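Understanding the architecture of this molecule
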Amino acid sequence: MLKEIPKIYRNAFYSCFLSSFIFLLVIGVNFVYVPFNINRLDLNESDFAFGIFIFGIFNLITNQIVGRFFIPRVGTKNVMLMGYSLISFCPFLLFYVEQYALFLLVWIPFGIAVAFMMGGSQTLISLIEHKTNQILTPLYQSAFNIGSIAGGALAGILIWLKFTPEYIFFTLGILVTFNMVLIYKLGLSKENEFKYEKTPFKPPSYDHLKLGIMLMVYFGSLGIIIDWSALWITKDLLAPPFLGGLVIIFFNIGQLIAKLMAVQLIKLTSEKFIGGYLVFIGSTFYFFSILLSDLYTIVAISFVFGSSISNFVAILIRFGVKLSPNNIPVTISNINSIGFSGFAFGPLLVGYSAENIGLTFNMLTLCIVWGINGLVLAYFIRNDQNKYLAK
C-alpha cells in the first residue's frame, strides 16, 4: 500500500508514524508511573484529574489556533517540530517538580504541545489520503497502540530494575528531541507542502459538530478501560495484582491487529460496517461478558472488544474530511477540538461515578455508550451514501 504512493508522501507518513510511536512510548511509560507520582506528591484521584482537566482545556484552545493559523502559515512539518520541542521534557517535569501548583502548571505546555503534534500529523495524514486516494489513517494510528504496548513493557522492566523515574524521563526527553531530526529529514519540504486555505474563525459546521461530539464521548470515556481497568479487575473481580494489566494488554493487542488489517477489512466489508456496526457488535459482546463476572472470559473478550472499536476514530475522521475536502486543516482542527474536550471533562465524571456508583457500572456504561456511538456513525455514513446516490 505505501509503495503505491510517491516517495515524498511515503517519507512524510513515516515521519508521522515513527514520531507518534516514540511519543506514545513515552506516554506509556508515564501511565505506569502515575501511582508513583501520586504517592510522591501525596495526591488523591481528584487532584490528579484536575491536572488532566487543565491539559484538556489548553489542548482544546490550541487545536483551533493550530488548524487555522499555524498550519496554513508554516506547514505541517514545522508545526510538528514546534510540538515536539515543547513536549520533550514535560513528562520529566511532571516527575521532577515538588509542589502541586508547579505540577499543575506543567500540564499547560503539555496540552499545547499535543495539539501541535497531533494536529500537524493527523492533518498531514488526511491530506496525503486525499491526494493519493489511499486509506492510511488506521495504519498511522496503529503507532499509538505499538507505542503504548512498548511503553508499558519498558516501564515494567525499568520498575523491576529499580531505575529512578527522574533519570528515566530525562533520557526519554532526549529521545523525543532526537526524534525532531527524523521529522525534519522526512517531513514535507516547504516546496512540497500542500497549499492551505487561510480561513477566518467561525463556529464548526453541523457536520463537524456532530462528529466532534461523538469523538468527545469516545475520548471522555476512554479512561474507563485505559486508567481504571486494572483497579476494576483487582477490586471487583478479585484478581491478583500481577494480573491487573491483562485487560488493557489484550485490548491494545486487539486494537493493533485490527488497525494493521484495516484496509483489507474495509475492502472486504465497508467503512460503515467497520467503523459503525462492528463497534456495536463488539460492545454488546463485552457487555455480556462483564455480566458473567468471569475474569478469563472478560480478558479474552477484551481482545475482541479492542479489535471491534479500533478503527472507529480513523473512520470518523476520514468521514469528516470527506464531508469538507477543501479545508482539511480546519476540519481536523474542529473535530479534534471538540473531541479532545472529552479529555478535560471525562476523567472528572468517570472518577466521580467510580467512587460513588462503582467500577463495574462504569464498564457496563462504556459498552452502552460506545455501542450507541457506533450505530450513530453507521447511520450518518449511510445517510451520506443515500444522498450521493440520490444525486
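About the thresholds
- Residues numbered from 1 in each chain as written.
- Predicted model: local features only at pLDDT ≥ 70, side-chain atom pairs only at ≥ 80, totals over all residues.
- Heavy atoms only, no water.
- Axes fitted to C-alpha atoms, helices over the stretch in contact; angles between N-to-C directions.
- Helix = DSSP H or I, 4+ residues; strand = E, 2+ residues; numbered from the N terminus.
- Parallel < 35°, antiparallel > 145°, perpendicular 65-115°, else oblique.
- Left-handed = near helix turned anticlockwise from the far one by under 90°.
- Contact = heavy atoms within 4.5 Å.
- Buried < 20%, exposed > 50% of the residue type's maximum accessible area, 1.4 Å probe, protein only.
- pLDDT = per-residue confidence, 0-100.
- Nonpolar A, V, L, I, M, F, W, Y, C, P; charged D, E, K, R; others polar.
- Polar contact = N/O pair within 3.5 Å; in protein donor to acceptor, adjacent residues only side chain to side chain.
- 1 Å grid on protein atoms, 1.4 Å probe; cavity = no way out; pocket = protein on both sides within 12 Å on 5 of 7 lines; lining within 4 Å.
- Points joined across faces, edges and corners; volume = space filled by probe spheres on them.
- Patch = residues over 30% accessible without salt bridge, like charges linked within 9 Å, V, L, I, M, F, W, Y side chains within 5 Å.
- Areas by Shrake-Rupley, 256 points an atom, 1.4 Å probe, with all protein chains shown as cover.
- Salt bridge = Lys/Arg side-chain N within 4 Å of Asp/Glu carboxyl O.
- Phe/Tyr/Trp six-rings, centres within 6.5 Å; stacked < 30°, edge-to-face > 60°.
- Lys NZ or Arg CZ within 6 Å of the ring centre and 35° of its normal.
- Expected span 1.5 Å × (residues − 1).

Let's talk about the packing of helix 14 (residues 312-323) against helix 15 (residues 328-356)
Axis angle and axis distance: for two packed helices, these are the angle between their axes and the distance between the axes, and together they describe the pair. Following both chains from N to C, one finds helix 14 and helix 15 inclined at 135 degrees, their axes separated by 9 Å at the closest point. Judged by the inter-axis angle, helix 14 sits oblique to helix 15. Handedness of the helix 14/helix 15 crossing: right-handed. Seen from helix 14, the contacting residues are Leu 316, Ile 317, Gly 320 and Val 321; seen from helix 15, they are Ile 328, Thr 331, Ile 332, Ile 335 and Asn 336.

Digging into unusual backbone geometry
With a phi angle near 60 degrees, Asn 133 is a residue other than glycine that sits in the positive phi range. Topologically, Asn 133 is positioned in the loop between helix 5 (100-132) and helix 6 (137-160). The phi dihedral of Ser 293 falls on the positive side, at around 60 degrees, and the residue is not glycine. On the secondary structure map, Ser 293 appears in the loop between helix 12 (271-292) and helix 13 (295-309). Since its relative accessible area comes to 47%, Ser 293 is described here as partly exposed.

Here's the deal with the confidence of the model for the protein chain
Here the protein chain averages 83 in pLDDT, while 94% of its residues score no lower than 70. Across the protein chain, the secondary-structure element scoring lowest on mean pLDDT is helix 9 (residues 229-235), at 75, and the one scoring highest is helix 12, at 95.

Let's talk about the environment of Met 80
The residue Met 80 is located in helix 3 (residues 45-87) in this model. You can call Met 80 buried: its relative accessible area is 2%. Taking the C-alpha atoms as reference points, Met 80 and Val 29, 51 residues apart in sequence, are found 22 Å from one another.

A few points about the packing of helix 10 (residues 246-260) against helix 13
Packing of helix 10 against helix 13 brings their axes to within 7 Å, and their N-to-C directions diverge by 35 degrees. The handedness of the crossing between helix 10 and helix 13 is right-handed. Of the residues in helix 13, those touching helix 10 at Leu 246, Val 247, Phe 250, Phe 251, Ile 253, Gly 254, Gln 255, Ile 257 and Ala 258 are Ile 298, Val 299, Ser 302, Phe 303, Phe 305, Gly 306, Ser 307 and Ile 309. The class makeup of the residues in the contact of helix 10 with helix 13 is 12 nonpolar, five polar and no charged.

Section: the side chain of Ser 283
With respect to the element layout, Ser 283 can be found in helix 12. Overall, Ser 283 belongs to the buried group, its relative accessible area being 1%. Reaching out from Ser 283, the side chain makes a polar contact with the backbone nitrogen of Gly 371 at a distance of 3.4 Å. Those residues in contact with Ser 283, other than ones at most four positions away along the chain, are Phe 305, Ser 308, Ile 309, Cys 367, Trp 370 and Gly 371.

Digging into the layout of surface pockets
Estimates place the volume of the second largest pocket at around 400 Å³. Around the second largest pocket sit 15 residues that line it, and Asn 133, Glu 271, Arg 318, Phe 319 and Lys 322 are the ones nearest its centre. Elements with a minimum of two residues in the lining of the second largest pocket: helix 5, helix 14 and helix 16 (359-390). Sort the elements by how many residues they give to the lining of the second largest pocket and helix 14 lands first, with four residues. Of the residues contributing to the lining of the second largest pocket, the split by class is five nonpolar, five polar and five charged.

Notes on a nonpolar patch on the surface
On the surface, Ile 149, Ile 249, Phe 250, Ile 253, Ile 257, Leu 260 and Met 261 cluster together to form a nonpolar patch covering roughly 540 Å² of accessible area. Take the nonpolar patch: its biggest share by element is five residues, from helix 10. Its location among the elements puts Ile 149 in helix 6. Using a relative accessible area of 31% as the deciding quantity, one classes Ile 149 as partly exposed.

Topic: the packing of aromatic side chains
This structure, assessed with the given rule, holds 23 aromatic pairs. Taking the centre distance of 6.0 Å and the plane angle of 85 degrees together, the rings of Phe 103 and Trp 107 count as edge-to-face. Residue Phe 103 and its partner Trp 107 are located together in helix 5, separated by four residues, close to a single helical turn. For Phe 103, a relative accessible area of 1% puts it in the buried group. Looking at Trp 107, the relative accessible area reads 7%, which means it is buried. Among the aromatic residues, those joined into a cluster by ring pairs are Tyr 218, Phe 219, Phe 251, Tyr 286, Phe 305, Phe 312 and Trp 370. Taking NZ or CZ as reference, Lys 77 lies 4.8 Å from the ring centre of Tyr 184, over its face. Sitting above the plane of the Phe 380 ring, Lys 210 keeps its charged end 4.2 Å from the centroid.

Section: the environment of Val 106
On the secondary structure map, Val 106 appears in helix 5. If we ignore the near neighbours within four places in the chain, the residues touching Val 106 are Cys 90, Leu 93, Leu 94 and Val 97.

Some points on helix 5
With 33 residues, helix 5 extends 48 Å from end C-alpha to end C-alpha; this agrees with the ideal 48 Å at 1.5 Å per step. The element helix 5 is extensively covered by neighbouring structure, given that 24 of its 33 residues are classed as buried. Phi for Asn 133, located one or two positions after helix 5, is positive at around 60 degrees.

Some remarks on the side chain of Lys 210
The topology assignment puts Lys 210 in helix 8 (residues 206-226). A polar side-chain atom of Lys 210 sits 3.2 Å from a polar atom in the side chain of Asp 207.

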